[in-house]
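Here is how the chains run, residue by residue.
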Amino acid sequence: MISKSLEELMNEQVEKEAFSSNLYLSMASWAENQGFEGIADWFYAQAEEERMHMLKFVRYINERGGKAIVPALEKPEADFPNVKFIFDESLKHEKYITGEINNIFKAAVEENDYAAQNWLQWFIAEQFEEETSVQRIIDKLNIMGDHNMYIFDRDIMSMRGEEHGEQ
Ligand code: FEO
């Protein structure tokens, strides 16, 4: 059985993961409208991953005897100044999410909830991977500058494949 306070924290995380999904969906849609198909696909895939994170929390709360709540969501921004901006914002957002996951983990430690600590390890590893992956993209964008967006847009999906160990 999960504690009430951990249940509340995890339900707040359900909302944050769902918002992340919508935020990346909005960025995907913006990129698609700008003609950046590769960047759009990258963010569409990211939106799916965040939805999967949300579902993981929903199911875990319920499995541990809590009650998962499906939240109303704040509307994400629909317009962005440029490609670099959306990746910078993504990194900032992922760092915030990492901090929130760490807070939940800290609560699980304080409560001696070893099962929750074990379960949360997946998210800790996932956050590390997500931050690293967005940082690598930003590094590439910094090298390329504002030019060569056509090439960047063409190459970005293969960068995603490399990070997920695909060929
Ligand atoms: Fe689910 Fe990207 O944090």
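To keep things clear, this report deals only with the structure shown in the data block. Worth saying up front: this structure is predicted, and the values here are computed from it rather than measured. (Residues numbered from 1 in each chain as written. Predicted model: local features only at pLDDT ≥ 70, side-chain atom pairs only at ≥ 80, totals over all residues. Heavy atoms only, no water.)

**Structural notes on the overall build of the protein chain**
Selection rule: Think of it this way: any DSSP run of H or I at least four residues long counts as a helix, any run of E at least two long counts as a strand, and we number them from the N terminus. Note that the radius of gyration is over C-alpha atoms, with the globule rule given as 2.2 Å times the number of residues to the power 0.38. Note on classification: 1.4 Å probe, protein chains only; a residue is buried when its accessible area is under 20% of the maximum for its type, exposed when over 50%, partly exposed between these limits. The Shrake-Rupley method, run with a 1.4 Å probe, gives the accessible areas here. Residue values count only the displayed protein chains as cover.
Assigned secondary structure in the protein chain consists of five helices and zero strands. Starting at the N terminus and walking to the C terminus, you meet the elements of the protein chain as α-α-α-α-α. Relative to a compact globule of 167 residues, whose C-alpha radius of gyration would be 15 Å, the protein chain shows 17 Å and is just as compact. Relative to its full complement of 167 residues, the protein chain shows a buried share of 46%. Entry remark: accessible area of the protein chain is about 9,200 Å², with carbon and sulfur atoms responsible for 52%.

**Quick word on the packing of aromatic side chains**
Applicable threshold: Stacked, tilted and edge-to-face are the three classes applied to pairs of Phe, Tyr and Trp rings, where Trp contributes its six-membered ring and a pair requires centres within 6.5 Å; stacked means planes under 30 degrees apart, edge-to-face means over 60, and tilted covers the rest. Throughout this description, the term charge over a ring refers to an Arg CZ or Lys NZ atom that lies within 6 Å of the ring centre and within 35 degrees of the ring normal.
What the rule picks out here adds up to twelve aromatic pairs. The interplanar angle of 75 degrees and the centroid separation of 5.0 Å between the aromatic rings of Trp 42 and Phe 43 together place this pair among those described as edge-to-face. We classify Trp 42 as buried; its relative accessible area is 1%. Relative to Phe 123, the ring of Phe 57 lies with its centre 4.5 Å away and its plane at 40 degrees, an arrangement referred to as tilted. Placement of the pair is Phe 57 in helix α2 (residues 37-63) and Phe 123 in helix α4 (residues 114-144), with a sequence separation of 66 residues. The exposure class assigned to Phe 57 is buried, which follows from its relative accessible area of 0%. On the basis of relative accessibility, which here comes to 0%, the residue Phe 123 falls in the buried class. The cationic tip of Lys 56 hangs over the ring face of Trp 122; the distance from NZ or CZ to the ring centre is 4.3 Å.

**Digging into helix α3 (residues 83-110)**
Selection criterion: To estimate the expected span of a helix, subtract one from its residue number and multiply by 1.5 Å.
For α3, built from 28 residues, the straight-helix expectation of 40 Å at 1.5 Å per residue is met to within 8% by its first-to-last C-alpha distance of 41 Å. Asn 112, located one to two residues past α3, shows a positive phi value of around 55 degrees.

**Re unusual backbone geometry**
Of note in the backbone geometry, Asn 112 takes a positive phi value of approximately 55 degrees without being a glycine. As for its placement among the helices and strands, Asn 112 is situated in the loop between α3 and α4.

**Some details on α4**
The condition that has to hold: The bend reported for a residue corresponds to the angle between axes fitted to the seven residues ending at that residue and the seven starting there. N or O atoms closer than or at 3.5 Å make up a polar contact, with two conditions inside protein: a donor-capable atom paired with an acceptor-capable one, and, for residues adjacent in sequence, both atoms drawn from side chains.
Compared with the 45 Å implied by 1.5 Å per residue over 31 residues, the 46 Å span of α4 between its first and last C-alpha is a close match. Maximum bend of α4: about 30 degrees, positioned at Leu 120. Buried residues of α4: Ala 116, Gln 117, Leu 120, Phe 123, Glu 126, Gln 127, Glu 130, Ser 133, Val 134, Ile 137, Ile 138 and Leu 141, and no others. Measuring from the side-chain oxygen of the N-cap residue of α4 to the backbone nitrogen of Ala 115 gives 3.4 Å; that N-cap residue is Asp 113. Backbone geometry just downstream of α4 places Gly 145 in the positive-phi region, at approximately 70 degrees.

**Quick notes on the environment of Met 52**
Mapping Met 52 onto the fold places it in helix α2. For Met 52, a relative accessible area of 35% translates into the label partly exposed. Separated by 34 residues in sequence, Met 52 and Ala 18 place their C-alpha atoms 9.1 Å apart.

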